[in-house]
Amino acid sequence: MSVDAETVRRIGRLARIHIDEDQVESYRTELNSILGFVEQLNEVDVEGVEPMTSVMPMSLRRREDKVTDGDQAEKIVANAPLSEDNFFMVPKVVE
Amino acid sequence: MSLVDTRTPTPKYFISGATGDWEMVIGMEVHAQVTSESKLFSGSSTEFGRPPNSNVSFVDAAMPGMLPVINEECVRQAVRTGLGLKAKINKRSLFDRKNYFYPDLPQGYQISQFKDPIVGEGVVKLDLGEDGEVEIGIERLHLEQDAGKSIHDQHPNMSFVDLNRSGVALMEIVSKPDLRSSAEARAYLSKLRTILRYLGTCDGNMEQGSMRADINVSVRRPGGEFGTRCEIKNVNSVRFAGQAIEYEARRQIDILEDGGTIDQETRLFDPKTGETRSMRSKEEAHDYRYFPDPDLLPLEFDDAFIAMLAQDLPELPDEKHDRLIAEYGVTPYDASVLVAERTSVDYFEDVARGRDGKLAANWVINELFGRLSKEGMSVEDSPVSAAQLGSIFDLISQGEISGKIAKDLFEIVWTEGGDPAKLVEERGMKQVSDTGAIEKIVDEIIAGNPDQVEKVREKPGLLGWFVGQVMKQTQGKANPQAVNEILKSKLGI
């Protein structure tokens, strides 16, 4: 698998990361070398091996259906650049 | 999913275009909010209408380092719903991240289930009245997080974001493309809502957004290849669903008949205009880059867990429908009306138990529901209780009052309340079954109207006139059956 310049731009847009046109080539090379490194794993024969989901044999922890959190609106919006009446304020997004 | 056509084209549903007939193909993705106290992966409340951002934990706000822990009740609710949809329950399911950016999605991804949902294929039966019954396939049901809410009308160039809904558990219920008309689509939504409400797994409150539908619509030549579909997002009422589908099918037919092609796209329905319009084109919106959520292990449970939930399942609408017919002798149509709401059918059964089921169905549906809907009330706030209505029926069956007087009595109980038996006594509403008294009145009327007596012997249909006279004299209290018999014997017809 190899990444071309257009894929670099697309990944940038999807991740909301601004990529200058003169950076595209260096990102392309870096991504390809990372992919190349990971692709070495393809040499391992995993036929019939269950995908591992946890290092320790354990099952998904569950929680009781109880309200144990919340009522801290001020804390929630404390880091917001802009807020009003404990709402986050963001540049207008209308569909 | 592979598209399989399970239906035989029904000409009744065809839409005629300039170049011939067309058929709609509809599938739905219904998002139903799970009834639970707290959210899917956090301990904050799901209560509706709280002040902004007060039902938000650091998990819901996606603060760094916070980890999701699944709510076991939401798992139970999903399994219950699966059982109610006669669906395959998957004892092992996985959570995936669906990645996209939006201000009301603080994580930058929604935790959902992609490849391995908790519930697989099931079925919903629709009763289409005279068109019979049809089975609509369920493709799958999966658990996922709801997003927050953006409000756009508070500020000229800013949107306000409230995360109270962020992280609330949703069940996405995906149907197969088995629906063929807007009427079927409406019936499907209503039936699904009824099932969820019976199960108690979603309150079905569409105005509050507890249930919303994404509707896939395409058109084709009857029985032909599936066409390209458009998805109408976030429809929040059964009526709007019908309107949106009708509009969208017509729009697509017009394009195709003009030689155009349908672009697969997402559209919005505007209830004010009754039209659908294209959402701002997001060419990359569908690149969700799903991958397994590394914060969550597979969700696993055993057969005993499923069996325990199955055991406590309530009687479902279809079973109740069949039982009403078998036990109370009501018509299939009446049974469908009654089972639509659990409160309605409970009321009916309280009235009908040990009494005449057909009469009870007739009264409950026509008199009571008719009156309630006229006043914009629900069964829960009916001024006439099931016990009171039952006691009115007892008075009818004991011959104490006639059906006509019963309606007057119903009116009195509705407006004034009180014990029907006492009211009949106090207000002299008892019907006169005393044959002696009726005979006396009949004799008087026969004696006073020799012309009519002459005519009725030739035209027995005139008997009604005599009945009317007797009723007039007794203020409607004479037992109609007794009046008829006495009149017939005295007039010799």
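**Some points on the overall build of chain B**
Stage number 1. Looking only at helices and strands, chain B features 15 helices and 17 strands.
Stage number 2. Here the C-alpha radius of gyration of chain B, 30 Å, is well above what a compact globule of 493 residues would show, namely 23 Å.
Stage number 3. Its C-alpha atoms give chain B principal-axis dimensions of about 95 × 55 × 55 Å.
Stage number 4. Burial status across chain B gives 51% buried among its 493 residues.
Stage number 5. Long-range pairs, those at least 24 residues apart, make up 69% of the contacts in chain B with a sequence separation of at least 6.
Stage number 6. Put simply, chain B shows about 22500 Å² of open surface, and 49% of that area lies on carbon and sulfur atoms.
Stage number 7. Counting 58 positive and 80 negative side-chain charges, chain B places the averaged centre of each group 2 Å from the other.

**What to know about the overall build of chain A**
Stage number 1. If you tally the helices and strands in chain A, you get 3 helices and 3 strands.
Stage number 2. Taken from N to C terminus, the helices and strands of chain A fall in the order α-α-β-α-β-β.
Stage number 3. Here the C-alpha radius of gyration of chain A, 22 Å, is well above what a compact globule of 95 residues would show, namely 12 Å.
Stage number 4. Expressed along its principal axes, the backbone C-alpha trace of chain A runs to roughly 55 × 45 × 25 Å.
Stage number 5. Relative to its 95 residues, chain A shows a buried fraction of 22%.

**Here we look at helix α10 (residues 403-416) of chain B**
Helical geometry note: an α-helix holds 3.6 residues per turn, so side chains three or four residues apart project in the same direction.
All names here are of chain B.
Stage number 1. Its 14 residues give α10 an end-to-end C-alpha distance of 20 Å, which sits within 8% of 20 Å, the value for a rise of 1.5 Å per residue.
Stage number 2. Among the residues of α10, those classed as buried are Ile405, Ala406, Leu409, Phe410, Ile412, Val413 and Trp414.
Stage number 3. Just downstream of α10 lies Gly417, where phi reads positive at about 75 degrees.

**Some points on the nonpolar core**
Residue and element names in this part refer to chain B.
Stage number 1. Ile118, Tyr188, Phe348 and Leu389 are the most contacted members of the largest nonpolar core, which has 107 residues in total.
Stage number 2. Apart from residues lying up to four places away in sequence, Tyr188 is in contact with Met28, Val30, Val124, Leu126, Ile136, Ile138, Ile173, Ser175 and Leu179.
Stage number 3. Core analysis: the next-biggest nonpolar cluster, separate from the first, contains 18 residues, Val453, Val456, Val470 and Ala482 among them.

**Section: the interface of chain A and chain B**
Stage number 1. Contacts between chain A and chain B engage 39 residues on the former and 54 residues on the latter.
Stage number 2. The junction of chain A with chain B conceals about 4200 Å² of combined surface from both sides, 58% of it contributed by carbon and sulfur atoms.
Stage number 3. The interface formed by chain A and chain B holds 2 salt bridges in total.
Stage number 4. Note that Asp71 of chain A and Arg50 of chain B form a salt bridge whose closest N and O atoms lie 2.8 Å from each other.
Stage number 5. For the interface between chain A and chain B, the tally reads 26 residue pairs in polar contact (both at pLDDT 80 or more).
Stage number 6. For the side of chain A that touches chain B, the secondary-structure elements that each account for two or more residues are α1 (5-14), β1 (62-63), α3 (73-77) and β3 (87-91) of chain A.
Stage number 7. When residues in the side of chain A that touches chain B are grouped by element, the largest group, 5 residues, is from β3 of chain A.
Stage number 8. Two elements, β3 of chain A and strand β10 (residues 158-162) of chain B, share 4 bridges in a ladder whose sense is antiparallel. Following the sheet pairing, Pro91 of chain A is matched in β10 of chain B by Met158 of chain B.

**What about the sheet that holds strand β5 (residues 96-99) of chain B?**
Stage number 1. Ordered by their spatial adjacency, 3 strands build an open sheet running β6-β5-β16 (chain B), and the pairing between neighbours is antiparallel. With partners counted over all chains shown, the strands left at the sheet margins are β6 (109-112) and β16 (291-292) of chain B, one partner each.

**Remarks on the sheet that holds β10 of chain B**
Stage number 1. With antiparallel pairing, 4 strands are arranged side by side in an open sheet as β2(A)-β3(A)-β10(B)-β9(B). Each edge of the open sheet carries a strand with a single partner, namely β2 (83-84) of chain A together with β9 (149-151) of chain B.
Stage number 2. In this sheet, β3 of chain A lies alongside β2 of chain A in antiparallel orientation, the contact comprising 2 bridges. Each residue of the ladder has a partner; that of Ser83 of chain A, found in β3 of chain A, is Phe88 of chain A.

**Details of a nonpolar patch on the surface**
Stage number 1. On the surface, a cluster of nonpolar side chains totalling about 710 Å² of accessible area is made up of Ile34, Phe37, Val38, Leu41, Val44, Val46 and Val49 of chain A.
Stage number 2. Tracing the backbone through its elements, the reader meets Leu41 of chain A in the loop between α2 (24-38) and β1.

**Quick look at the domain arrangement of chain B**
Stage number 1. Taken domain by domain, chain B consists of domain 1 (11-308), domain 2 (313-426) and domain 3 (435-491).
Stage number 2. A C-alpha centroid distance of 33 Å is found between domain 2 of chain B and domain 3 of chain B.

**Some thoughts on the pattern of salt bridges**
Residues and elements named next belong to chain B.
Stage number 1. By the definition in use, this model includes 46 salt bridges over all chains.
Stage number 2. Between Asp5 and Arg220 there is a salt bridge, with the nearest N and O atoms lying 2.7 Å from each other. Here Arg220 lies in strand β12 (residues 211-220) and Asp5 lies in the segment before β1 (15-17), a separation of 215 residues in the sequence.
Stage number 3. Taking relative accessible area as the criterion, Arg220 reaches 3% and is therefore assigned buried.
Stage number 4. Through salt bridges with shared partners, a single ionic network connects Glu315, Lys320, Arg323, Glu327 and Glu349.

**Quick word on the packing of helix α7 (residues 342-352) of chain B against helix α9 (residues 386-397) of chain B**
Residue and element names in this part refer to chain B.
Stage number 1. Here α7 crosses α9 at 40 degrees, and the two axes come no closer than 8 Å. As for how α7 packs across α9, the hand of that crossing is right-handed. Across from Tyr347, Asp350 and Val351 in α7, the residues of α9 making contact are Ala386, Leu389, Gly390 and Phe393.
Stage number 2. By residue class, the composition of the contact of α7 with α9 is 5 nonpolar, 1 polar and 1 charged.

**Comments concerning the side chain of Glu139 of chain B**
Residue and element names in this part refer to chain B.
Stage number 1. Among the structural elements, Glu139 can be located in strand β8 (residues 133-145).
Stage number 2. Judged by its relative accessible area of 18%, Glu139 falls in the buried class.
Stage number 3. At 2.8 Å, the side chain of Glu139 and the side chain of Lys176 are in polar contact.

**What to know about unusual backbone geometry**
All names here are of chain A.
Stage number 1. For Arg16, which is not glycine, the phi torsion reads 55 degrees and is therefore positive.
Stage number 2. Counting through the fold element by element, Arg16 comes out in the loop between α1 and α2.
Stage number 3. Judged by relative accessible area, which is 55%, Arg16 ranks as exposed.

**Thoughts on a negative patch on the surface**
Residues and elements named next belong to chain B.
Stage number 1. On the surface, a cluster of negative charge is contributed by Asp127, Glu133, Glu135 and Asp322.
Stage number 2. With respect to the helices and strands, Asp127 occurs in strand β7 (residues 122-127).
Stage number 3. Residue Asp127 is classed as partly exposed on the basis of its relative accessible area of 38%.

What counts and how
All residue numbers refer to position in the chain's written sequence, counted from 1. In the order they appear in the text, chains get letters beginning with A and ligands get numbers beginning with 1. For this predicted model, a pLDDT threshold of at least 70 governs which residues receive local features, and a threshold of 80 or more governs which side-chain atom pairs are given and counted, while totals over whole chains, interfaces and linings are taken from all residues. Excluding hydrogens and water, the side-chain values take into account all heavy atoms of the structure. Strands here mean DSSP runs of E at least two residues long; helices mean DSSP runs of H or I at least four residues long; both are numbered from the N terminus. Each radius of gyration reported is based on C-alpha atoms, and the globular scaling rule is 2.2 Å times the count of residues to the power 0.38. Partly exposed residues are those whose accessible area sits between 20% and 50% of the maximum for their type, while under 20% is buried and over 50% is exposed, using a 1.4 Å probe and protein chains only. Between two residues, a contact is recorded if the distance between any of their heavy atoms is within 4.5 Å. To measure how exposed things are, a 1.4 Å probe is used in the Shrake-Rupley method; for residues, cover is taken only from the protein chains shown. His is not counted, nor are the chain ends; Lys and Arg add positive charge and Asp and Glu add negative charge. By convention, the charge on Lys lies at NZ, on Arg at CZ, on Asp at CG and on Glu at CD. Helix span, as expected, comes to 1.5 Å for every residue beyond the first. Among the buried residues, those of types Ala, Val, Leu, Ile, Met, Phe, Trp, Tyr and Cys that are joined through side-chain atoms within 4.5 Å form a nonpolar core. Note: buried area is the sum, over both parts, of the accessible area (probe 1.4 Å) each one loses when the two are combined. Definition used for salt bridges: Asp or Glu carboxyl oxygen within 4 Å of a side-chain nitrogen of Lys or Arg. Whenever two N or O atoms come within 3.5 Å, that pair is a polar contact, provided that in protein one can donate a hydrogen and the other can accept it, and provided that, for residues adjacent in sequence, both atoms are side-chain atoms. When DSSP locates at least two bridges between a pair of strands, those strands are taken to pair. Patches in this entry comprise residues that are over 30% relatively accessible and not in a salt bridge; like charges within 9 Å are linked, as are nonpolar side chains (Val, Leu, Ile, Met, Phe, Trp, Tyr) within 5 Å. Domain ranges listed in this record stem from an automatic or a database domain assignment. Axis definition: a line fitted to C-alpha atoms, over the contacting stretch in the case of helices. Angles run 0 to 180 degrees between N-to-C directions. Should the near helix be turned anticlockwise from the far one by less than a right angle, the crossing is termed left-handed; should it be turned clockwise, right-handed. For this classification, the nonpolar set comprises Ala, Val, Leu, Ile, Met, Phe, Trp, Tyr, Cys and Pro, the charged set comprises Asp, Glu, Lys and Arg, and every other residue, Gly included, is treated as polar.

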